[in-house]
Amino acid sequence: AALRYHAASLGLVGRVEEGRQAVQRILELVPDFTIARARRHIEFAMHNIFKTPGVADSFYEGLRRSGVPE
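Definitions and cut-offs
Residues numbered from 1 in each chain as written. Predicted model: local features only at pLDDT ≥ 70, side-chain atom pairs only at ≥ 80, totals over all residues. Heavy atoms only, no water. Axes fitted to C-alpha atoms, helices over the stretch in contact; angles between N-to-C directions. Helix = DSSP H or I, 4+ residues; strand = E, 2+ residues; numbered from the N terminus. Parallel < 35°, antiparallel > 145°, perpendicular 65-115°, else oblique. Contact = heavy atoms within 4.5 Å. Nonpolar A, V, L, I, M, F, W, Y, C, P; charged D, E, K, R; others polar. Buried < 20%, exposed > 50% of the residue type's maximum accessible area, 1.4 Å probe, protein only. Arc of directions from axis to C-beta.

**Digging into the packing of helix α1 (residues 2-12) against helix α4 (residues 55-65)**
A pair of packed helices can be characterised by two numbers: the angle between their axes and the separation between those axes. The N-to-C vectors of α1 and α4 enclose an angle of 80°; their axes lie 7 Å apart at closest approach. On the basis of the axis angle, α1 is roughly perpendicular to α4. Between α1 and α4, the residues in contact are Arg4, Tyr5, Ala7, Ala8, Gly11 and Leu12 and Ser58, Phe59, Glu61, Gly62, Leu63 and Arg65, respectively. Its residues placed into classes, the contact of α1 with α4 shows 6 nonpolar, 3 polar and 3 charged.

And the structure:
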């Protein structure tokens, strides 16, 4: 989970190359990781911070910018 948040954060602040490196590591550990998979996981565990409007969308956008496939 920490790598996902790290990659998303790097993407959002414009440190895309570093974000892509984090995504590369994520994909080594979980080859089928996608935005859709992250979305399913977060929607299942909606008792967390992602219930706050805009937080989940920002997370997905950060992952996209860092190169996580849809």
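**Re α4**
Burial in α4 covers these residues: Ala56, Phe59, Tyr60, Gly62 and Leu63. Buried residues of α4, seen end-on, are gathered within an arc of 160° and therefore sit on one face of the element. In the core, the buried residues of α4 are packed alongside α1 and α3 (35-44). In the segment just after α4, Gly67 is the residue with positive phi, at about 105°.

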